[in-house]
Amino acid sequence: MALYEHVFLARQDLSQSQVDALAAAATEIVESNEGKVLKTETWGLKNLAYKIKRNRKAHFVMLNIECAGDVVAELERQTQINEDVIRYVTIRVDEHEAGPSVMMRKNDRDNRRRREREGN
């Protein structure tokens, strides 16, 4: 089975529970087709570089997936149909990153710097 990273952007007006439900739906699609979701990360609500479908912000979610190519095609088909998802990308990778992704490490670093700055 091949390894993939699937990242999707959900509309800014969704609540966090609705974004989690979208991630759960994507997980269900993969697992019902004999694939595995190894890790799910919610990167939070972030600013976009430009408006996409009238949204200036979006909720970012990443899934690390191990599955066959036809499962990815089905996942992308279902994602494309969903009106709450404004963009998505699926990339085949040689191996998944151990531990938190770069985006999560960036958030931790920024939070640490903010605490240090407020303490001084």
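Owing to the predicted nature of the structure, the values given are computational and were not obtained by experimental measurement.

Draft legend 1. Structural view of the overall build of the protein chain. A tally of regular secondary structure across the protein chain gives three helices and four strands. Secondary structure of the protein chain in N-to-C order comes out as β-α-β-β-α-β-α. Overall size of the protein chain, expressed as C-alpha extent along the three principal axes, is 55 × 35 × 25 Å. The 120 residues of the protein chain split such that 38% are buried.

Draft legend 2. Fine view of unusual backbone geometry. For lysine 53, which is not a glycine, the phi torsion comes out positive at approximately 50°. Residue placement: lysine 53 occurs in the loop between strand S2 (36-52) and strand S3 (55-67). Phi at arginine 54 is positive, roughly 65°, even though this residue is not glycine. On the secondary structure map, arginine 54 appears in the loop between S2 and S3.

Draft legend 3. Looking closely at the pairing of S3. The element S3 is largely enclosed, with a buried count of ten among its 13 residues. Examined bridge by bridge, strand S1 (residues 2-11) and S3 share ten bridges and lie antiparallel to one another. Looking at the pairing, histidine 6 lines up with leucine 63 of S3. In this structure, S2 lies alongside S3, joined through eleven bridges in antiparallel fashion.

Each value, and the rule that gives it
- Residues numbered from 1 in each chain as written.
- Predicted model: local features only at pLDDT ≥ 70, side-chain atom pairs only at ≥ 80, totals over all residues.
- Heavy atoms only, no water.
- Helix = DSSP H or I, 4+ residues; strand = E, 2+ residues; numbered from the N terminus.
- Buried < 20%, exposed > 50% of the residue type's maximum accessible area, 1.4 Å probe, protein only.
- Pairing = 2+ DSSP bridges.

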